[in-house]
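# A closer look at the structure
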Amino acid sequence: MDRAYALFEEQQLNRGIVLEQVRARLKAFQVETPSWGYGDSGTRFKVFKKNGVPRNPFEKLEDAAQVHKFTGLCPSVAIHIPWDQVDDFGKLNHHAEELGLSIGAVNPNLFQEDDYMLGSVTNSDPQVRKRATAHLLECVDIAKEVGSNAISLWFADGTNYPGQASLRRRKEWMYECLSRTYRAMTPNMRMLIEYKFFEPAFYHTDLADWGMAFTMANKLGPQAEVLVDTGHHAPGTNVEHIVAYLLDEQKLGGFHFNSRKYADDDLIVGSIDPYELFLIFYQIVDAVEDLNEGVRATAENMAYMIDQSHNIERKIPAMIRSVLNVQTQYAKALLINLEEVREAQETQDVLAAENAVRSAFELDVAPLLYSVREEMGLPIDPMKAYLASGYEERILARGKGGASW
């Protein structure tokens, strides 16, 4: 392995890449995993219940700790309320700390109650809007209790038919509810606003695209930012262009990583279009070197999160594969010779610029990642080490029918 890495290092030096900084950034890289990715969940058609899935939020954290143990990438876990509701959040937070974890983003649920059939924060009934706002404020209080600095928002609000509701008034109502939530946050908190162009509503969605989320974040203030979900776009959308635009506007807060072929978004990230994931990281890596201090700070303060509900896969191995796919594409993006790219751009050499980017994507970064893991005291093959650990067999004692949606 040492010989393979030495050869890799020599090849990168010949490309003008010094690996010391690349290795440091790989060691610092973190991806947050979601509690709901460890429980029984799936599509709107069927949830296939698995043996050994967590029965409560405490067991979800225990499974998440295995992902961090073997990858070294995932020290925080996002929670979803009320899926992860407990009587004592201090106890849950203490359990996380004992496992070497922290609780990350708090995600309100504003789409599963019967009251929300026609909208939550955009519902024409003021009592429903009041209930939705109270839930948002409850999640801010939970975030304060567990030491989370992020409230992550996604709304299913929308309509199915023209004329069903006033689109402009719904926009106003959403702003009113989010304004109250924003004012309740502490100065170190971030409000991450997600969007989706369709589903479950079929005529319009109240936050349908990045522009709407961006406008709402601007109106709310500097602690509100846009969250890009990699599966929430129409086919063919240039997601890395959106990323670059939001970086330049200093309004990109983070990502929910997943993937999709046609619609929905619960496939393992990088399983369908790894090049898109690589190009997203290219924009971020490039922004880290921007002369504008605000752009640099935005790129360096990114919240990387997985958002997947594994339906047919075993939960922990699926999460390990997800975060390793993200790490691999990040490593490749770090190996782009940005100086070479910029020189080609300046001389308008289209093919040279494209080649400088693509050649990094085509690199085999396994020797680099093996070397970094070894230096961090991690198994060089996290998946193999996890499967050999016996944890999968031990959790079968939980039985079937664990915590689910």
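These figures come from a predicted structure and were not determined experimentally. (Residues numbered from 1 in each chain as written. Predicted model: local features only at pLDDT ≥ 70, side-chain atom pairs only at ≥ 80, totals over all residues. Heavy atoms only, no water.)

## Side note on the packing of aromatic side chains
Condition: Between 30 and 60 degrees the pair is tilted, below 30 it is stacked and above 60 it is edge-to-face, where a pair is any two Phe, Tyr or Trp rings, Trp via its six-membered ring, whose centres lie within 6.5 Å. Secondary structure elements are defined from DSSP: runs of H or I of at least 4 residues count as helices, runs of E of at least 2 residues count as strands, and each element is numbered from the N terminus. Three exposure classes are used, based on accessible area relative to the maximum for each residue type with a 1.4 Å probe and protein chains only: buried under 20%, partly exposed in between, and exposed over 50%. Only lysine NZ and arginine CZ atoms are considered, and such an atom sits over a ring when it is within 6 Å of the ring centre and within 35 degrees of the ring normal.
Applying the stated criterion to the full structure yields 20 aromatic pairs. Between phenylalanine 257 and tyrosine 304, the aromatic rings sit 6.0 Å apart at their centres with planes inclined by 10 degrees, giving stacked as the arrangement. Of the two residues, phenylalanine 257 is situated in strand β9 (residues 252–257) and tyrosine 304 in strand β10 (residues 303–306); the sequence distance between them amounts to 47 residues. Ring centres of phenylalanine 281 and tyrosine 304 lie 5.7 Å apart, and the angle between their planes is 55 degrees; this geometry places the pair in the tilted category. Of this pair, phenylalanine 281 sits in helix α9 (residues 274–288) while tyrosine 304 sits in strand β10, and the two are 23 residues apart along the sequence. Across the pair, exposure class does not vary: phenylalanine 281 and tyrosine 304 are buried alike. Connected via pairs of aromatic rings, a cluster forms that spans Phe29, Phe255, Phe257, Phe281, Tyr304 and Tyr330. The ring of tyrosine 175 has lysine 219 lying over it, and the distance from NZ or CZ to the ring centre is 4.3 Å. Seen from the ring of phenylalanine 361, lysine 332 lies directly overhead, with NZ or CZ sitting 4.9 Å from the centre.

## Some thoughts on the side chain of arginine 25
To be explicit about the condition: Positive charges come from Lys and Arg, negative ones from Asp and Glu, while His and the chain ends are left out of the count. Salt bridges are counted wherever a side-chain nitrogen of Lys or Arg sits within 4 Å of a carboxyl oxygen of Asp or Glu. In this description, contact between two residues means that some pair of their heavy atoms is separated by no more than 4.5 Å.
Mapped onto the secondary structure, arginine 25 falls in helix α2 (residues 19–28). At 5.0 Å, glutamate 289 is the nearest oppositely charged side chain to arginine 25, a buried residue that forms no salt bridge. Beyond its immediate chain neighbours, meaning those up to four positions away, arginine 25 contacts Val285, Val288, Tyr330 and Leu334.

## Quick word on the nonpolar core
Put simply, the rule is: In this description, a nonpolar core means a group of buried Ala, Val, Leu, Ile, Met, Phe, Trp, Tyr and Cys residues linked to one another through side-chain atoms lying within 4.5 Å.
Judged by nonpolar contacts, the single largest core of 110 residues is most densely connected at Phe255 and Phe281. Contact partners of phenylalanine 255, with chain neighbours within four places excluded, come to Leu227, Val228, Thr230, Val243, Ile280, Ile284, Met302, Ala303, Tyr304 and Met305. Within the second largest apolar cluster, nine residues are counted, among which are Trp36, Ala78, Leu192 and Leu227.

## A look at the environment of glutamate 176
Inspection of the secondary structure puts glutamate 176 in helix α6 (residues 167–184). When the C-alpha atoms of glutamate 176 and threonine 133 are compared, they prove to be 9.2 Å apart, with 43 residues separating the residues in sequence.

## Some words on unusual backbone geometry
Going from isoleucine 81 to proline 82, the amide bond is cis rather than trans, its omega being 20 degrees. Inspection of the secondary structure puts proline 82 in the loop between β2 (76–81) and α4 (89–98). The linkage connecting glutamate 199 with the following residue, proline 200, adopts the cis geometry, with an omega of 10 degrees. Relative to the helices and strands, proline 200 resides in the loop between β6 (190–193) and β7 (204–205). Of note in the backbone geometry, glutamate 199 takes a positive phi value of approximately 80 degrees without being a glycine. As for its position among the elements, glutamate 199 is in the loop between β6 and β7. Taking relative accessible area as the criterion, glutamate 199 reaches 14% and is therefore assigned buried. Notably, glutamine 348 is not glycine yet its phi reads approximately 60 degrees, a positive angle. The residue glutamine 348 is located in the loop between α12 (338–346) and α13 (350–361) in this model.

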